[in-house]
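# Working through the structure, step by step
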Amino acid sequence: MVSLFTGKILITNNKDCAEVDTERELSQRLDNKVMLLYFGSGECTRCQEFSPVLKDFFVRLTDEFYVERASQLVLVYVSQDETEEKQEKFLKTMPKRWLFLPFQDEFKRELELRFAVSNTPVVVVLKPSGEVIAGNAVEEIRCLGTACFRNWQEAAELVDRSFLLAEDFDDLAKRSITDPIRRLKYKLDKKTRKKKEKEKVLCPDMEL
């Protein structure tokens, strides 16, 4: 699964927008897990109906309030939002363990083409090898709820890690020494883009 995002940056949906980009970090977050790629947006009517269902599905499988150990499940949000602000607004309502691609990353388009995404919402379910388990599991999640994860788990032939602590815990994750620098860079880049967009709105004829 790591190979799908090799050389890419994934961002954790927490207040620090922690980046996951080194091979070690990607391996730690993605290896031996069922991956969900969620193609959606905050303003799509069908997504507005489905996103709370997906949120509850994910939380019930990964939050220690519901389970003794987080399931071997990871979700990457592939934004179809019109603006970065709309993406941020949507993600604020979603679980902090979700990952997402930077708004400007053109790899999102590559994923859309690769998995033949034309309408949203779409949830692509992948084995750790990258092989597709389900091209769109939206209805399966709606109808079966968390029970469908057991089917995916068997299909993915995951290695049982019940003897380990859930390595998803933020306080146990060993972060790179360059993390604070990369987080700051991401925040500064985002502020710069917002400033330029604001200037374009105020002075549309001005060359920036």
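Analysis parameters
- Residue indices begin from 1 for each chain and proceed along its sequence in written order.
- The model is predicted, so local features are restricted to residues of pLDDT at least 70 and side-chain atom pairs to those at 80 or more, both for listing and for counting; the totals for chains, interfaces and linings are taken over all residues.
- For side-chain calculations, the full set of non-hydrogen atoms in the structure is used, while hydrogens and water are omitted.
- In this scheme, a residue with accessible area under 20% of its type's maximum is buried, one over 50% is exposed, and one in between is partly exposed, where area comes from a 1.4 Å probe on protein chains only.
- Secondary structure elements follow DSSP: runs of H or I no shorter than four residues count as helices, runs of E no shorter than two count as strands, and numbering proceeds from the N terminus.
- Summarising the geometry, the arc corresponds to the directions from the helix axis toward the C-beta atoms.
- Two residues qualify as a contact provided that any one of their heavy atoms is within 4.5 Å of a heavy atom in the partner residue.
- We define a nonpolar core as any set of buried Ala, Val, Leu, Ile, Met, Phe, Trp, Tyr and Cys residues linked to one another through side-chain atoms lying within 4.5 Å.
- Aromatic pairs are defined between Phe, Tyr and Trp rings, using the six-membered ring for Trp, whenever the two ring centres lie within 6.5 Å; interplanar angles under 30 degrees are classed as stacked, those over 60 as edge-to-face, and all others as tilted.
- Should DSSP find at least two bridges between two strands, the strands are regarded as paired.
- The handedness of a crossover follows from its direction of travel: if, with the strands pointing away from the viewer, the path from the first strand over the helix to the second runs clockwise, the crossover is right-handed.
- Axis definition: a line fit to C-alpha positions, over the contact stretch in the case of helices; interaxial angles, taken between N-to-C directions, run 0 to 180 degrees.

Looking at an unreviewed UniProt entry, the chain carries the name Nucleoredoxin like 1, with the source organism given as Chelydra serpentina.

Turning to helix 6 (residues 147–156), its buried residues number three or more, namely Cys148, Phe149, Trp152 and Ala156. In a view along the axis of helix 6, the buried residues occupy a sector of 105°, so they form one face of it. Of the residues in helix 6, the exposed ones pointing more than 90 degrees away from the buried face are Arg150 and Glu154. On its buried face, helix 6 is in contact with strand 3 (34–40), helix 2 (45–62), strand 4 (73–79), strand 6 (122–126), strand 7 (132–134) and helix 5 (138–144). Phi turns positive, to about 55°, at Glu157, one or two residues after helix 6.

Residue position: Gln87 is located in helix 3 (residues 84–91). For Gln87, a relative accessible area of 2% translates into the label buried. Leave out the neighbours within four places in its chain, and Gln87 touches Tyr77, Ser79, Asp81, Phe100, Leu101, Phe103 and Lys108.

All right, on to the nonpolar core then. Counting 31 residues, the largest nonpolar core has Leu36, Tyr38, Leu54, Trp98, Val123 and Trp152 as the members making the most contacts within it. At the level of secondary structure, the elements contributing two or more residues to this core comprise strand 3, helix 2, strand 4, helix 3, strand 6, helix 5 and helix 6. Among the elements that make up this core, the one with the highest residue count is helix 2 (six residues). For Leu54, the contacting residues outside a window of four places in its chain are Leu36, Tyr38, Leu75, Trp98, Val123 and Ile141. Within the second largest apolar cluster, 22 residues are counted, among which are Val2, Leu30, Leu99 and Val124.

On inspection of all chains with the given rule, the structure shows 10 aromatic pairs. Aromatic side chains Phe58 and Trp98 sit 6.3 Å apart centroid to centroid with 90° between the ring planes, which places their arrangement in the edge-to-face category. Placement of Phe58 in helix 2 and of Trp98 in the loop between helix 3 and strand 5 (99–100) is noted, with a sequence separation of 40 residues between them. Using a relative accessible area of 2% as the deciding quantity, one classes Phe58 as buried.

Strand 4 sits mainly inside the fold: seven of its seven residues count as buried. Residues Leu73, Leu75, Tyr77 and Ser79 of strand 4 are buried on one face, and the alternating residues Val74, Val76 and Val78, pointing to the opposite face, are buried as well. Relative to strand 4, strand 3 is paired through seven bridges, and the arrangement is parallel. Residue Met35 lies in a different strand from strand 4, and its bridge partner there is Val74. Taking the sense of rotation as the criterion, the β-α-β connection linking strand 4, helix 3 and strand 5 turns out right-handed.

We now examine the sheet that holds strand 3. By definition, the strands of a sheet pair up through backbone hydrogen bonds, in either a parallel or an antiparallel sense. An order of 2-1-5-4-3-6-7 is seen for the seven strands of this open sheet, with the pairing classed as mixed. Two strands close off the open sheet at either side, each with one partner strand: strand 2 (19–20) and strand 7. Where strand 6 lies against strand 7, two bridges are found, and the strand directions are antiparallel. Looking at strand 7, one finds that Val125 is bridged to Ala134. Against the sheet, helix 3 contacts strand 3, strand 4 and strand 5, and its axis sits at roughly 150° relative to strand 4.

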